[in-house]
Amino acid sequence: MNLNCKYLGLDLKNPLIVSSSNLTGELEQIQAIGKAGAAALVVKSIFEEQITGDSRHQLLQKEEYFWFKDAADVVDTLQKARSVQLHTRLINEASRQIQIPVIASINCVSNGNWVSYAHQVEQAGASALELNMGIFPKDQYQSGKDIEDVYVDIVKSIVHQVKIPVSVKLGHYFTNPLNIGKKLKEAGAQGVVLFNRYYQTDIDIHQMKLLNGHIYSTAAEITLPLRWVALFQREKIGLDISASTGVHNASGLIKQLLAGADTVQVNSVLYHKGIEFISHILGGLTDWMQEKGYEHIDDFKGAILKDPMNQTAFERIQFMKRNFEV
Ligand SMILES: Cc1cc2nc3c(=O)[nH]c(=O)nc-3n(C[C@H](O)[C@H](O)[C@H](O)COP(=O)(O)O)c2cc1C
């Protein structure tokens, strides 16, 4: 059974990537991920604000620094240097110590001076760079295009800084994800991750306070990215596609491959079941391939789209009576 596949020009031993989270923020766990059989991993994102040192503003709000601005400068500079140093050291150690590609991740919201940091990430040994971009509208005056232009400008700036492939991890808050995908491709991106699952705010009605709701996904959440993976594949935008959100088992992984994903990322399930669960998911994939008589991933990747009826089915968003008829 051959699970080899290609993503962002990288040769991967299978399609399973561990996505960016606290699980990929420490060397020990990164090593465990390598041992468990993942094909690649995305290191915990560094925030643009950590790179630029924009924590300065927050520091100045604190009483202890209020009276002595120089102290804030010193703390701020140290903090900035420390974040950046720790991050590049982690990438460097991870890429030297494990045999699988290490993908760096930067969480960014603006096209600023921080983009030069991408070069340091490359120098540290990252095989690719994932831009984790979630730009939320600030007010009623910003148009969708205003916001999308920022995504495109960031990608254009980043691809000038590095030779390693760049992918963009998107959320699903776009009127037309296919169009932003096309624009990102034209700007120089090689891949897209569909989709990030953002922080969710909830309310505790008894305590009357805000809650940090539903940190981890459920397996039912796979259907949203599944739709867009299929549509991205159908449109032949030319971006490599990595599916994220709601993949909790082998059948989730297989569904995304059938819809046309090049790779599939997992996170929440590893929080619940442990990093070793990676080998269980991969075992399920090989069992299924054996049962179906497939020898390579390419034998069935995107197979669900061969039927033109299926291609259009992913466009349907309204329920119709016949959907309920047996
Ligand atoms: C605790 C936690 C931390 C995360 N941190 C990051 C991050 O730093 N960068 C990022 O791109 N995604 C981050 N994510 C999102 C995950 O990479 C992933 O896209 C999301 O959890 C959906 O995948 P899942 O359904 O397999 O969990 C985080 C998710 C969780 C739960």
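The coordinates are above.
So, here is what we can say about the structure in this document. All chains use their own residue numbering, which begins from 1 and follows the written sequence. Given that the model is predicted, a residue must reach a pLDDT of at least 70 before its local features are reported, and side-chain atom pairs must reach 80 or more before they are shown or counted; all residues, however, enter totals for whole chains, interfaces and linings. To get the side-chain values, take all heavy atoms of the structure and skip hydrogens and water.

Overview of the packing of aromatic side chains
- Within 6.5 Å between ring centres, the rings of Phe, Tyr and Trp (the latter by its six-membered ring) count as paired, and their orientation is classed by plane angle as stacked under 30 degrees, edge-to-face over 60, tilted in between. Applying the stated rule across the entire model yields 7 aromatic pairs.
- Here phenylalanine 136 and tyrosine 173 contribute two aromatic rings whose centre-to-centre distance is 6.0 Å and whose plane-to-plane angle is 90°, an arrangement assigned as edge-to-face. Of this pair, phenylalanine 136 sits in the loop between strand E7 (128-133) and helix H7 (144-161) while tyrosine 173 sits in the loop between strand E8 (166-170) and helix H8 (177-187); the two residues are 37 residues apart in sequence, bridging distant segments of the chain.
- The exposure class assigned to tyrosine 173 is exposed, which follows from its relative accessible area of 54%.
- Here the aromatic residues Phe136, Tyr173 and Tyr198 are joined through ring pairs into a cluster of three or more. Helical segments are the DSSP runs of H or I of at least four residues, strand segments are the runs of E of at least two, and each set is numbered from the N terminus. Accessible area is worked out with a 1.4 Å probe on protein chains only. A residue is then buried under 20% of its type maximum, exposed over 50%, and partly exposed in between.

Side note on the pattern of salt bridges
- Salt bridges are defined as contacts in which a side-chain nitrogen from Lys or Arg sits within 4 Å of a carboxyl oxygen from Asp or Glu. Throughout the structure, instances matching the rule amount to 9 salt bridges.
- Across the pair lysine 182 and glutamate 186 runs a salt bridge, and its minimum N-O distance is 2.9 Å. Separated by 4 residues within a single helix, lysine 182 and glutamate 186 lie in helix H8, roughly one turn from each other.
- Of the residues examined, lysine 182 reaches a relative accessible area of 42% and is grouped as partly exposed.
- Glutamate 221 is paired through a salt bridge with arginine 197; the nearest N and O atoms lie 2.6 Å apart. Taken together, the positions of glutamate 221 in the loop between strand E11 (209-213) and helix H9 (223-235) and arginine 197 in the loop between strand E9 (191-194) and strand E10 (200-204) put the pair 24 residues apart, joining distant regions of the chain.
- Judged by relative accessible area, glutamate 221 falls into the partly exposed class, the value being 24%.
- When salt bridges with common partners are traced through the structure, they connect Arg234, Glu235 and Glu315 into a single cluster.

Concerning the environment of valine 192
- Tracing the backbone shows valine 192 in strand E9.
- The exposure class assigned to valine 192 is buried, which follows from its relative accessible area of 0%.
- Considering only alpha carbons, one finds valine 192 and leucine 170, 22 residues apart in sequence, at a separation of 7.2 Å.
- For valine 192, the contacting residues outside a window of four places in its chain are Tyr7, Ser167, Val168, Leu170, Phe232, Leu239, Asp240, Ile241 and Ser242. Throughout, a residue-residue contact means that at least one pair of heavy atoms, one from each residue, lies within 4.5 Å.

Remarks on the packing of H9 against helix H10 (residues 250-259)
- Helix axes are fitted to C-alpha atoms over the stretch in contact, other axes to C-alpha atoms as well, and angles between N-to-C directions run from 0 to 180 degrees. One can describe the packing of H9 onto H10 by two numbers: an axis separation of 8 Å at closest approach and a directional angle of 25°. Here H10 runs roughly parallel to H9, going by the angle between their axes. Seen from H9, the contacting residues are Pro225, Leu226, Val229, Ala230 and Gln233; seen from H10, they are Lys255, Gln256 and Ala259.
- Classifying every residue of the contact of H9 with H10 gives 5 nonpolar, 2 polar and 1 charged. The cut-offs work like this: below 35 degrees is roughly parallel, past 145 is roughly antiparallel, 65 to 115 is roughly perpendicular, and the gaps in between are oblique. Classes in brief: Ala, Val, Leu, Ile, Met, Phe, Trp, Tyr, Cys and Pro nonpolar; Asp, Glu, Lys and Arg charged; the others, Gly included, polar.

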